[in-house]
Amino acid sequence: MNVEVSGARVLIDIPELGGPVLTQTIVNMWIVMAVIVGLCIFLTRGMQVHARTKRQIIAEFIVKKVNGMVQENMGQKFAGFGPFIAALMSLSALCSLSSMLGMYAPTSDLSVLLGWALLVFVMITYTKIRTNGILGYFKGYTEPIAILTPFNIISEIATPVSMAFRHFGNIASGSVITALVYAALAALSNALFSWLPGALGEILGQIPILQVGIPAVLSVYFDLFSSCLQAFIFCMLTMMYIGAAAAED
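Residues numbered from 1 in each chain as written. Predicted model: local features only at pLDDT ≥ 70, side-chain atom pairs only at ≥ 80, totals over all residues. Heavy atoms only, no water.

### What about the overall build of the protein chain?
Logical step 1: A count of helical and extended segments in the protein chain gives seven helices and three strands.
Logical step 2: Listing every helix and strand of the protein chain by position from the N terminus yields β-β-β-α-α-α-α-α-α-α.
Logical step 3: Going through the 249 residues of the protein chain one by one, you find that 32% of them count as buried.
Logical step 4: Long-range contacts, defined as pairs at least 24 residues apart, comprise 59% of the intrachain contacts of the protein chain with a sequence gap of at least 6. (Helix = DSSP H or I, 4+ residues; strand = E, 2+ residues; numbered from the N terminus. Buried < 20%, exposed > 50% of the residue type's maximum accessible area, 1.4 Å probe, protein only. Contact = heavy atoms within 4.5 Å.)

What follows is the structure in structure tokens.
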């Protein structure tokens, strides 16, 4: 069925069973999660007290870096957030990088990023309530003066929305720009080589020669650098918001 749902093509639609929909986003997300689980199993298999293999050295390096980043940005009492931040960052980065394999990047689907942002929002709210109590949480909306309550509520709601749209906008815009460049190069290639006389011009005019090599430069930024950068930014915002929620009085 050729239907678009949030930018992802529907693969299976079974309305008689209540309407479950299987999209490219869901399939590719599960593929990425399977890859992450496989990497974790591979890196941690046969671990010893003292690292003697390259796999264990790499695994310990990743754990130390993530735990250090979490403690630096959230404090020692949030040291247990290391696995969550590592999972979120790896999932975001690999979902975006999957586009380099010709897959539909799940991070190009706004519903995915909204789901992640809502999860973070729930954790922020839980941390605020645990820190200040339920009364203190609601009192925070009236500070510094009660007349600002509507604006504080809007600001609170804007947190997950801004996180989701920031990530989605950067990833989706990269895909759109890359597609436009490919189309422009194909048109330019046709315009240049179709001027050649005879059958040579007809043949070369149909071959997008200019697409070879040139888009690779853009791919280094949009597919590689930007994907890792947006995953890092999303996780940094997660740590900062949760850490700030625990610091509120």
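### Examining empty space enclosed by the protein
Logical step 1: Within the structure shown, the criterion is met by one cavity of 30 Å³ or more.
Logical step 2: Of the pockets and cavities examined, the largest cavity occupies roughly 30 Å³.
Logical step 3: What lines the largest cavity is M163, R166, H167, Q230, I233, F234 and L237.
Logical step 4: Mapped onto the lining of the largest cavity, the elements with two or more residues apiece are α5 (149–193) and α7 (214–247). (1 Å grid on protein atoms, 1.4 Å probe; cavity = no way out; pocket = protein on both sides within 12 Å on 5 of 7 lines; lining within 4 Å. Points joined across faces, edges and corners; volume = space filled by probe spheres on them.)

### Looking at the layout of surface pockets
Logical step 1: In this structure, the largest pocket spans a volume of roughly 710 Å³.
Logical step 2: Lining the largest pocket we find 22 residues, and of these C40, I62, A86, A87 and S90 sit closest to its centre.
Logical step 3: Looking at the lining of the largest pocket, the elements that each hand over two or more residues are α1 (24–44), α2 (54–74) and α3 (82–97).
Logical step 4: For the lining of the largest pocket, the leading source of residues is α3, giving eight residues.

### Quick word on unusual backbone geometry
Logical step 1: Look at the link from E143 to P144: it is a cis peptide, with omega at 0°.
Logical step 2: Within the fold, P144 resides in the loop between α4 (110–139) and α5.

### Considering the packing of aromatic side chains
Logical step 1: Scanning the entire structure with this criterion turns up five aromatic pairs.
Logical step 2: Ring plane angle 70° and centroid distance 5.4 Å describe the contact between F78 and F81, whose orientation is recorded as edge-to-face. Here the two residues F78 and F81 agree in accessibility, since each one is buried.
Logical step 3: The ring of F42 is capped by R55, whose NZ or CZ atom sits 5.3 Å from the centre of that ring. (Phe/Tyr/Trp six-rings, centres within 6.5 Å; stacked < 30°, edge-to-face > 60°. Lys NZ or Arg CZ within 6 Å of the ring centre and 35° of its normal.)

### Details of α1
Logical step 1: With 21 residues, α1 extends 30 Å from end C-alpha to end C-alpha; this agrees with the ideal 30 Å at 1.5 Å per step.
Logical step 2: Among all positions of α1, only T25, N28, M29, V32, I36 and L43 are buried. Angular distribution of buried residues about the axis of α1 spans 105°; they occupy a single face of the element. Of the residues in α1, the exposed ones pointing more than 90 degrees away from the buried face are W30 and I41. (Expected span 1.5 Å × (residues − 1). Arc of directions from axis to C-beta.)

### Some remarks on the side chain of D109
Logical step 1: Relative to the elements of secondary structure, D109 occurs in the loop between α3 and α4.
Logical step 2: For D109, the side chain forms a polar contact with the side chain of S111, separated by 2.8 Å. (Polar contact = N/O pair within 3.5 Å; in protein donor to acceptor, adjacent residues only side chain to side chain.)

### Topic: the packing of α1 against α3
If you want to describe how two helices pack, look at the angle between their axes and the distance between the axes.
Logical step 1: In contact at an axis separation of 10 Å, α1 and α3 are set at 125° when each is read in the N-to-C sense. Between α1 and α3, the interaxial angle falls into the category oblique. In the crossing of α1 with α3, the sense of the turn from one axis to the other is right-handed. Judged by residue contacts, M29, V32, M33 and I36 of α1 engage S90, L91, L94 and C95 from α3.
Logical step 2: Tallied by class, the residues present in the contact of α1 with α3 amount to seven nonpolar, one polar and no charged. (Axes fitted to C-alpha atoms, helices over the stretch in contact; angles between N-to-C directions. Parallel < 35°, antiparallel > 145°, perpendicular 65-115°, else oblique. Left-handed = near helix turned anticlockwise from the far one by under 90°. Nonpolar A, V, L, I, M, F, W, Y, C, P; charged D, E, K, R; others polar.)

### Section: the pattern of salt bridges
Logical step 1: A complete count under the given rule lists one salt bridge for this structure.
Logical step 2: A salt bridge links K128 to E156; its shortest N-O distance comes to 2.9 Å. Here K128, found in helix α4, pairs with E156, found in helix α5; they are 28 residues apart in sequence, far enough to count as distant. The burial state of K128 is the same as that of E156; both residues are buried. (Salt bridge = Lys/Arg side-chain N within 4 Å of Asp/Glu carboxyl O.)

### Details of a nonpolar patch on the surface
Logical step 1: Together, I129, I134, L135 and F138 line one region of the surface with nonpolar side chains, adding up to about 410 Å² of accessible area.
Logical step 2: Relative to the elements of secondary structure, L135 occurs in helix α4. (Patch = residues over 30% accessible without salt bridge, like charges linked within 9 Å, V, L, I, M, F, W, Y side chains within 5 Å. Areas by Shrake-Rupley, 256 points an atom, 1.4 Å probe, with all protein chains shown as cover.)

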